[in-house]
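Report on the structure
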Amino acid sequence: MADTNELKKHLWKKLADSPFVMIGLEGGQHSVPLTAQLDEDQVDTLFFFTGKDNRLAPGGKAMAQFVAKGHDYFACLAGNVRIDNDFAQIDKLWNKQVEAWFPGGKDDPNLALLRFDIESAELWEADMSLGGMVKMLFGGKIKGDEEGSHAVVETTAES
């Protein structure tokens, strides 16, 4: 079973490998899929390039859900989202994939850089033991120490 610090480290590694999340504002609107832009200099923050007309643009309390591409890691992130069109940050995070969505480049009139500041997170890692996997294949009962790791954290920064 991984410790909390390991779970946090794995979150950022998994996000870097597959940076796709579902994120939505609190209040009943559906979440939308977005590609997270990671800035290792800013702990507990995800950035998203989107249009100013996106339903997240008004900002506010938000929730983001993440599933690693191997389906072995899950995260639910709570925090606040807001537009942060700091040109230095846009320039730092800009890449060819983003450019494909904004024909006007960094000066596209519809470009918005959303900043999601994480206030808390719930993390799960399915690092099931070999014995647990065999039991699962043959219908046995999985014990708590065979199912993986879980933590509720106020920061995703490593300790």
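An account of the accompanying structure is given in this report.

As paired elements, strand β1 (residues 20-25) and strand β2 (residues 32-35) share four bridges and run antiparallel to each other. Among the inter-strand pairings, Met-22 is bridged to a residue of β2, identified as Pro-33. Bridging between β1 and strand β4 (residues 60-67) involves five bridges; their strand directions are antiparallel. In the strand pairing of β4, Met-22 is matched with Gln-65.

Before going further, it helps to spend a moment on the packing of aromatic side chains. All told, the structure shown has one aromatic pair when counted by the stated rule. Each ring, one from Phe-49 and one from Trp-94, has its centre 5.5 Å from the other, and the planes form 85 degrees; the classification is edge-to-face. Of this pair, Phe-49 sits in strand β3 (residues 45-51) while Trp-94 sits in the loop between α2 (87-93) and α3 (96-101), and the two are 45 residues apart along the sequence. Look at Trp-94 and you get buried, because its relative accessible area is 15%.

In this section: the nonpolar core. Ranked by internal contacts, the top residues of the largest apolar core, which has 26 residues, are Leu-11, Ile-23, Leu-46, Phe-48, Leu-77 and Phe-116. Residue assignment for this core shows that the elements contributing at least two residues are α1 (4-17), β1, β2, β3, β4, β5 (73-83) and β6 (111-125). Element by element, the count of residues in this core is highest for β6, at five residues. Leaving out residues up to four positions away in the same chain, Phe-116 has contacts with Ile-23, Asp-44, Thr-45, Leu-46, Phe-48, Ala-62, Ala-64, Leu-77, Ala-78, Gly-79, Asn-80 and Val-81. If you look at the next biggest cluster of nonpolar residues, it comprises nine residues, including Ile-90, Leu-93, Val-98 and Leu-113.

On the secondary structure map, Arg-115 appears in strand β6. What makes Arg-115 buried here is its relative accessible area of 15%. Apart from the residues lying within four places of it in its own chain, the contact partners of Arg-115 are Gln-42, Thr-45, Leu-46, Phe-47, Asn-80, Val-81, Arg-82 and Asp-84.

Let us now look at a nonpolar patch on the surface. There is a patch of nonpolar side chains on the surface, built from Val-67, Phe-74 and Trp-124 and spanning about 230 Å² of accessible area. Following the sequence through the fold, Trp-124 ends up in strand β6.

With that out of the way, let us pick up the pattern of salt bridges. Opposite charge on two side chains permits them to pair, given that their charged atoms come into close proximity. Tallied over the full model, the rule gives nine salt bridges. One salt bridge in this structure joins Lys-92 and Asp-39, with 2.9 Å as the shortest N-O distance. With Lys-92 in helix α2 and Asp-39 in the loop between β2 and β3, the pair connects residues that are 53 residues apart, well separated along the chain. Take Lys-92: its relative accessible area is 44%, and that puts it in the partly exposed class. For the salt bridge of Arg-115 with Asp-84, the shortest nitrogen-to-oxygen distance reads 3.5 Å. Linking Arg-115 in strand β6 with Asp-84 in the loop between β5 and α2, this pair joins segments that are 31 residues apart in sequence. With respect to class, Arg-115 is no different from Asp-84; both count as buried. Taken together, the shared-partner salt bridges connect Asp-39, Asp-41 and Lys-92 into one network.

With that out of the way, let us pick up α1. For α1, which comprises 14 residues, the first-to-last C-alpha distance of 20 Å matches the rise-based estimate of 20 Å (1.5 Å per residue) to within 8%. Those residues of α1 that sit buried are Leu-7, Lys-8, Leu-11, Trp-12 and Leu-15. In a view along the axis of α1, the buried residues occupy a sector of 135 degrees, so they form one face of it. α1 presents Lys-13 and Ala-16 as exposed residues on the side facing more than 90 degrees away from its buried surface.

The rules behind the values
- Along each chain, the written sequence defines residue order, and numbers are assigned to residues from 1.
- Local features in a predicted model are, by the rule used here, given only for residues with pLDDT of at least 70; side-chain atom pairs are given and counted only at 80 or more, and totals for whole chains, interfaces and linings are based on all residues.
- To get the side-chain values, all heavy atoms of the structure are used, and hydrogens and water are removed first.
- Should DSSP find at least two bridges between two strands, the strands are regarded as paired.
- We count a stretch as a helix when DSSP gives it H or I for four or more residues in a row; a strand needs E for two or more, and each element gets its number in order from the N terminus.
- When two rings of Phe, Tyr or Trp (its six-membered ring) have centres within 6.5 Å they constitute a pair, described as stacked for plane angles under 30 degrees, edge-to-face for angles over 60, and tilted for the intermediate range.
- The cut-offs for exposure are 20% and 50% of the maximum accessible area for each residue type, with area from a 1.4 Å probe on protein chains only; residues under the lower value are buried, those over the upper are exposed, and the others partly exposed.
- We call a set of buried Ala, Val, Leu, Ile, Met, Phe, Trp, Tyr and Cys residues a nonpolar core when their side-chain atoms join them within 4.5 Å.
- Whether two residues are in contact is decided by their heavy atoms, any of which lying within 4.5 Å being enough.
- The patches reported here contain residues having more than 30% relative accessible area and no salt bridge. Joining distances are 9 Å for like charges and 5 Å for nonpolar side chains (Val, Leu, Ile, Met, Phe, Trp, Tyr).
- Where accessible areas are quoted, they stem from the Shrake-Rupley method and a 1.4 Å probe; at the residue level, only the protein chains shown are allowed to cover.
- What counts as a salt bridge is simple: a side-chain nitrogen of Lys or Arg found within 4 Å of a carboxyl oxygen of Asp or Glu.
- To estimate how far a helix should reach, multiply one less than its number of residues by 1.5 Å.
- Think of it as the arc spanned by the lines of direction from the helix axis to the C-beta atoms.

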